[in-house]
Amino acid sequence: MMTVSVFNTERIGDSMLALPAMRSFLAHYPGARSILVTDTSTAPLYSASGMFSAVHHFRYRKASVPDMLRAAKVLSAEHIDVMMLMPGGFFAAFIAFFAHARVRVGLASDMRGFLLTHRVRPRIDDRHRMHHFLDLLAPLGIPASELTPHINVPAGDILPRAPVPTIGIAPFTRDDPRRMYPLARWRALIASIAGQKERIIIAGSKDEAVHYRAFLDEMVSAYGVVDAVGKYSLLDTARLLTQCDVVIANDSGLMHLAAAAGTPTVALFGATRSEKAGPLGDHTRVVASPSPCRPCDAKARCTDVRCMDAIETHDVLAAMNELLERRDAVPNLSRKRNATTENTEK
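All figures in this text were calculated on a predicted structure; none of them were measured in a lab. (Residues numbered from 1 in each chain as written. Predicted model: local features only at pLDDT ≥ 70, side-chain atom pairs only at ≥ 80, totals over all residues. Heavy atoms only, no water.)

### Things to note about the overall build of the protein chain
So, step 1. Counting its regular elements, the protein chain contains 15 helices and 12 strands.
So, step 2. Against the 2.2 N^0.38 benchmark of 20 Å for 346 residues, the protein chain shows a C-alpha radius of gyration of 20 Å, consistent with a compact globule.
So, step 3. Dimensions of the protein chain along its principal axes, counting C-alpha atoms only, are 60 × 45 × 35 Å.
So, step 4. A buried classification covers 55% of the 346 residues belonging to the protein chain.
So, step 5. Nonlocal contacts in the protein chain, meaning residues at least 24 apart in sequence, comprise 67% of its contacts between residues at least 6 apart.
So, step 6. If you average the places of the 41 positive and of the 35 negative side-chain charges in the protein chain, the two averages end up 5 Å apart. (Helix = DSSP H or I, 4+ residues; strand = E, 2+ residues; numbered from the N terminus. Rg over C-alpha atoms; globule rule 2.2 N^0.38 Å. Buried < 20%, exposed > 50% of the residue type's maximum accessible area, 1.4 Å probe, protein only. Contact = heavy atoms within 4.5 Å. Lys, Arg positive; Asp, Glu negative; His and termini not counted. Charge placed at Lys NZ, Arg CZ, Asp CG, Glu CD.)

### Topic: the sheet that holds strand β4 (residues 82–85)
So, step 1. What the 6 strands build is an open sheet, ordered β3-β2-β1-β4-β5-β6; its pairing is parallel. Edge positions in the open sheet fall to β3 (54–58) and β6 (118–120), since each of these has one partner strand only. The sheet shows a mean angle of 15° between the axes of neighbouring strands, taken without regard to direction.
So, step 2. Looking at chain direction, β4 and strand β5 (residues 103–107) are connected through 3 bridges and run parallel. Bridging across to β5, Val82 finds its partner in Val103.
So, step 3. Helix α2 (residues 19–27) rests against β1 (3–7), β2 (33–39) and β4 of the sheet, and its axis sits at about 175° to β1.
So, step 4. Helix-sheet contacts for helix α5 (residues 90–98) involve β1, β3, β4 and β5, and the interaxial angle to β4 is about 175°. (Pairing = 2+ DSSP bridges. Axes fitted to C-alpha atoms, helices over the stretch in contact; angles between N-to-C directions.)

### Description of α2
So, step 1. Counting buried positions along α2 yields 8 of 9 residues, so the element is predominantly enclosed.
So, step 2. Residues of α2 that are buried include every one of Leu19, Pro20, Ala21, Met22, Arg23, Ser24, Phe25 and Leu26, and no others.

### Considering the sheet that holds strand β12 (residues 284–288)
So, step 1. A sheet is described by the order of its strands in space; here 6 strands give the open sequence β9-β8-β7-β10-β11-β12, paired in parallel fashion. This sheet does not close on itself; its edge strands, each paired only once, are β9 (226–227) and β12.
So, step 2. Helix α7 (residues 183–195) rests against β7 (166–170), β8 (199–202), β10 (246–250) and β11 (265–269) of the sheet, and its axis sits at about 170° to β10.

### A word on the side chain of Thr173
So, step 1. Its location among the elements puts Thr173 in the loop between β7 and α7.
So, step 2. Classification of Thr173 by relative accessible area gives buried; the value is 2%.
So, step 3. Separated by 3.4 Å, the side chain of Thr173 and the backbone nitrogen of Met180 make a polar contact.
So, step 4. Residues contacting Thr173, with those up to four places away along its chain left out, are Arg179, Met180, Glu208, Asn250, Asp251 and Ser252. (Polar contact = N/O pair within 3.5 Å; in protein donor to acceptor, adjacent residues only side chain to side chain.)

### Thoughts on a nonpolar patch on the surface
So, step 1. Taken together, the side chains of Val65, Leu69, Phe97 and Phe98 make up a nonpolar region of the molecular surface, amounting to roughly 320 Å² of accessible area.
So, step 2. At the level of elements, α4 (65–76) and α5 are the ones that each hand at least two residues to the nonpolar patch.
So, step 3. Exposure remark for Phe98: the relative accessible area of 36% places this residue in the partly exposed category. (Patch = residues over 30% accessible without salt bridge, like charges linked within 9 Å, V, L, I, M, F, W, Y side chains within 5 Å. Areas by Shrake-Rupley, 256 points an atom, 1.4 Å probe, with all protein chains shown as cover. Salt bridge = Lys/Arg side-chain N within 4 Å of Asp/Glu carboxyl O.)

### Focus on the confidence of the model for the protein chain
So, step 1. Confidence in the prediction of the protein chain, expressed as mean pLDDT, is 92, and 93% of residues score 70 or more.
So, step 2. Confidence drops under a pLDDT of 50 for residues 334–346, and excluding neighbours within four residues, the segment shows 35 contacts in the predicted structure. (pLDDT = per-residue confidence, 0-100.)

### Notes on the packing of aromatic side chains
So, step 1. One pass over the structure, following the stated rule, counts 13 aromatic pairs.
So, step 2. A ring pair is formed by Phe7 and Tyr60, whose centres lie 5.8 Å apart and whose planes are at 45°; its orientation type is tilted. With a gap of 53 residues between them, Phe7 in strand β1 and Tyr60 in the loop between β3 and α4 connect regions that are remote in the sequence. In this pair, the class of Phe7 matches that of Tyr60, namely buried.
So, step 3. Aromatic pair Phe58 and Tyr60: ring centres 5.1 Å apart, planes at 45°, arrangement tilted. Of the two residues, Phe58 and Tyr60, neither departs from the other in class, the shared state being buried.
So, step 4. Three or more aromatic residues joined by ring pairs form one cluster here, namely Phe90, Phe94, Phe97, Phe98 and Phe114. (Phe/Tyr/Trp six-rings, centres within 6.5 Å; stacked < 30°, edge-to-face > 60°.)

### With respect to the environment of Tyr223
So, step 1. Following the sequence through the fold, Tyr223 ends up in helix α9 (residues 213–223).
So, step 2. Judged by its relative accessible area of 35%, Tyr223 is partly exposed.
So, step 3. Aside from chain neighbours lying at most four places away, what touches Tyr223 is Arg187, Ile190, Ala191 and Ala194.

### So, the environment of Ile142
So, step 1. With respect to the helices, strands and loops of the structure, Ile142 is situated in the loop between α6 (129–134) and β7.
So, step 2. Sequence separation between Ile142 and Lys197 is 55 residues; the distance between their C-alpha atoms is 49 Å.
So, step 3. Once you skip the residues sitting within four places of it in the chain, Ile142 turns out to touch Ser24, Phe25, His28, Tyr29 and Leu137.

### Quick notes on the environment of Arg102
So, step 1. Its place among the elements puts Arg102 in the loop between α5 and β5.
So, step 2. Residue classification places Arg102 among the exposed residues on the basis of a relative accessible area of 54%.

Encoded structure:
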């Protein structure tokens, strides 16, 4: 039996945008045993998705050379015929080389080209980032059979179902405040949503739960929001997002996860460009800043977040209500999409 493998990216947003390339790659080798190599943080999500025959994981950021050699030894036992490398770092090609993968395709970056059998020259252009991952298929003669990210999230309610619409909020991007809607704007938006009698759930990471504790406590006290920040694993957070009727988020990993899981998603863009990194699919909407200084791809060293602050809360609310109305017109839209995904898993 042939064995094929995908070396996944670390960041959850990029990982979701790489899904069309992954699925196109897997579809080209029907019946093959498929192996995913991924960071420990995303391993449970992909294990539960059913996309791959097996998932191997280790912590990318803390990996030493001995760790990488151990990972290569484990993979070597899989006798991999073809490996597609999503990340551009040297470490991925190093592991693939010492895992003795017969065919190794990846970006010829970070002085690692000599470790690859099929090299793809990095392109700097204005295409959506998803297409940069799809470029990896060309040296193998594989067509792009999918163009919209989707991942199966196994059913299982994290919170009790509510008799009113549930709105998920992913308000934080602590690693880059220039991509984050100001807290004052979030307060106003949450107040408006609460006024419509919707249930509101706020999602985020453990470090965000600490850093934004005062804001979270205020929202719980003032509007009765459900504070889910830092309380669930990535897999359970994905399940939580699928319970939402709409998710509103900054340009972040959770935004891409919600969209890939099939949940109607409103994405807020300021410094960065939705044309290059926005959510994909007709169940998504982008609300872009009207600020004249954007986009700068977050390269400008602003002392404030003027571009994000220029997004009016009524525009965000309008996009949310449009998706809610569409959901009412097509009942259980996101669940139907997930069911379709589940039925097509290998």
